[in-house]
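Fold and geometry: a report
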Amino acid sequence: MNLTYSAAEQAFRQEVRDFLTASLPDDIRERVRLGRRLSADDHVRWQNILSERGWLAANWPEEHGGPGWGPVQRHIFDEECAAAHAPTVVPFGVNMVAPVIMKFGSEAQQRHYLPRILANQDWWCQGYSEPGAGSDLASLKTRAVREGDHYIVTGQKTWTTLGQHANMMFCLVRTDPDARKQAGISFLLIDMASPGITVRPIITLDGAHEVNEVFLDEVRVPVANRIGEEGQGWTCAKFLLTHERTGIAGLGHAKQALRHLKSLATRVQHRGRPLLELASFRQRVVKAELELMALEVTNLRVIAAAQDGSVPGAESSLLKVRGSELRQELSDLTRRALGPAALPFFPDFLHGDGELDDPALAESAAGTAQYFNRRKLSIYGGANEIQKSIVAKTILGM
Ligand SMILES: Cc1cc2nc3c(=O)[nH]c(=O)nc-3n(C[C@H](O)[C@H](O)[C@H](O)COP(=O)(O)OP(=O)(O)OC[C@H]3O[C@@H](n4cnc5c(N)ncnc54)[C@H](O)[C@@H]3O)c2cc1C
């Protein structure tokens, strides 16, 4: 493969940069830069701007209204968005359920849901995990009993990211309790306004309301909202997870975090010298940088192999493990570089609209919260231990 960008790709990078300079609202850019939580309105505003430009569904083919970019363009786009402090697109609609609807949905389902996702009209959340069904997802218990044209769904989902804002949830349910674990599962699209749904917040270690429990009590879901055949849910679920994992590697974010760390460690003084000159610290930064370079090449290799439009298979597990470990290491180094400045916790500033008078405090306020928040990267999208087993079996043949 060719590791240099072509003239057309470099021109594309400039086009993305110009767009971000002109269109990313300053207040949103600043909130992302400082690691402050975005409101639902911030996400919607930015995604509307992307949608109007035709760039919200960066991974979609042209036939469904996407920009028709190849993997390299998508990679450049992600990198530039992270460098410009643009918000990450909420992935559940555009990156997760949409590919499933394209592959397994009926024509009517594609006609109904895809244009709505493209126009940023729905906020989707992911109803996979349950208490007792995380790594062992196939043991999920949420039950869907067929009654005429409806399923009656009862059970509990957990860790539902941003479910408090969602109007739609894609959900794995058990339609046949007697079939083999995986064979009894179906994939349903559920309107979050349906009677019988309760969403309760879970507050995480960084004080944020990012995840929720979702209780379903005899919720009526039209059979027409099932994707694929009854009992085919596991196939849809696995297909979706490869898309989810590839995104978690977050190379653009890792690059941005490394730039920030290096600039911080140049300014912070240790015994009268920049911290970056301290051998023990520098060694960890250099190691992280080398790993990032290696990961980028691996990522490019994987996406080059998927040029024909296929999705990465077990390689997505590899990217997820290395990318998440790297991003955790970078957040750890940032917290260490901040030293005592990482200690104060300002929840109103980080999670609300409260302001801090001292710009230096504002710059460092998110250090510890982000360190805690990044712990999630090695858990969600399938815990890293599970991904290592997938790599061992599928790629290494062990
Ligand atoms: C911040 C956050 C957001 C999330 N968002 C969503 C969401 O929007 N929707 C959703 O459906 N889910 C979501 N999840 C859930 C996530 O997918 C699960 O947490 C994950 O799959 C792990 O499951 P678990 O938490 O039940 O842990 P467990 O499965 O109980 O695992 C606990 C530990 O045991 C290890 N372990 C378990 N089995 C094995 C094994 N066979 N071999 C080796 N080690 C093993 C795991 O690696 C882990 O370290 C989210 C999780 C987090 C933390």
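Residues numbered from 1 in each chain as written. Predicted model: local features only at pLDDT ≥ 70, side-chain atom pairs only at ≥ 80, totals over all residues. Heavy atoms only, no water.

Here we look at the environment of aspartate 78
Residue position: aspartate 78 is located in helix H4 (residues 71-83). When the C-alpha atoms of aspartate 78 and arginine 245 are compared, they prove to be 15 Å apart, with 167 residues separating the residues in sequence. (Helix = DSSP H or I, 4+ residues; strand = E, 2+ residues; numbered from the N terminus.)

Here's the deal with the packing of aromatic side chains
Counted according to the given criterion, the structure contains twelve aromatic pairs. On the basis of an interplanar angle of 90 degrees and a centroid distance of 5.5 Å, the ring pair of phenylalanine 104 and phenylalanine 239 is categorised as edge-to-face. One end of the pair, phenylalanine 104, is in helix H5 (residues 91-104); the other, phenylalanine 239, is in helix H7 (residues 233-248), and 135 residues separate them in sequence. On the accessibility criterion, phenylalanine 239 (16% relative accessible area) is buried. When the ring centre of tyrosine 5 is taken as origin, the NZ or CZ atom of arginine 13, which lies over that ring, is 5.1 Å away. (Phe/Tyr/Trp six-rings, centres within 6.5 Å; stacked < 30°, edge-to-face > 60°. Buried < 20%, exposed > 50% of the residue type's maximum accessible area, 1.4 Å probe, protein only. Lys NZ or Arg CZ within 6 Å of the ring centre and 35° of its normal.)

Points about the UniProt feature "domain: Acyl-CoA dehydrogenase/oxidase N-terminal" (unreviewed entry) in the protein
Under the feature "domain: Acyl-CoA dehydrogenase/oxidase N-terminal" (unreviewed entry), the UniProt entry names residues 7-119. Within the segment residues 7-119, helix and strand shares are 69% and 0% respectively, and the terminal C-alpha atoms sit 31 Å apart. (UniProt positions renumbered as here; feature names shortened; annotations may be inferred.)

Quick look at the site of the ligand
The environment of the ligand is made up of 17 residues, and the closest members are Ser129, Ser135, Trp159, Thr161 and Glu385. Take glutamine 126: an N or O atom from its main chain is 2.8 Å from a nitrogen atom of the ligand. Between an oxygen atom of the ligand and a main-chain N or O atom of tyrosine 128, the distance comes to 3.0 Å. In isolation the ligand exposes 960 Å². Once the protein is present, 64% of that is buried. Split by residue class, the shell around the ligand holds eight nonpolar, seven polar and two charged. (Near = heavy atom within 4 Å. Polar contact = N/O pair within 3.5 Å; in protein donor to acceptor, adjacent residues only side chain to side chain. Areas by Shrake-Rupley, 256 points an atom, 1.4 Å probe, with all protein chains shown as cover. Nonpolar A, V, L, I, M, F, W, Y, C, P; charged D, E, K, R; others polar.)

So, the nonpolar core
Membership of the largest hydrophobic core comes to 73 residues, with the highest contact counts inside it found for Trp124, Tyr128, Val153, Phe170, Phe187, Leu189 and Ile190. The element best represented in this core is H5, accounting for nine residues. Residues in contact with leucine 189, not counting those within four places in the same chain, are Val97, Ile101, Tyr113, Trp124, Met168, Met169, Phe170, Val221, Asn225 and Ile227. Counting 22 residues, the second-largest nonpolar core is a separate cluster that includes Leu261, Ala288, Leu326 and Leu333. (Core = buried A, V, L, I, M, F, W, Y, C linked by side-chain atoms within 4.5 Å. Contact = heavy atoms within 4.5 Å.)

Quick look at the side chain of aspartate 332
Take aspartate 332: it is sitting in helix H10 (residues 315-338). Overall, aspartate 332 belongs to the buried group, its relative accessible area being 12%. Beyond its immediate chain neighbours, meaning those up to four positions away, aspartate 332 contacts Arg284 and Tyr371.

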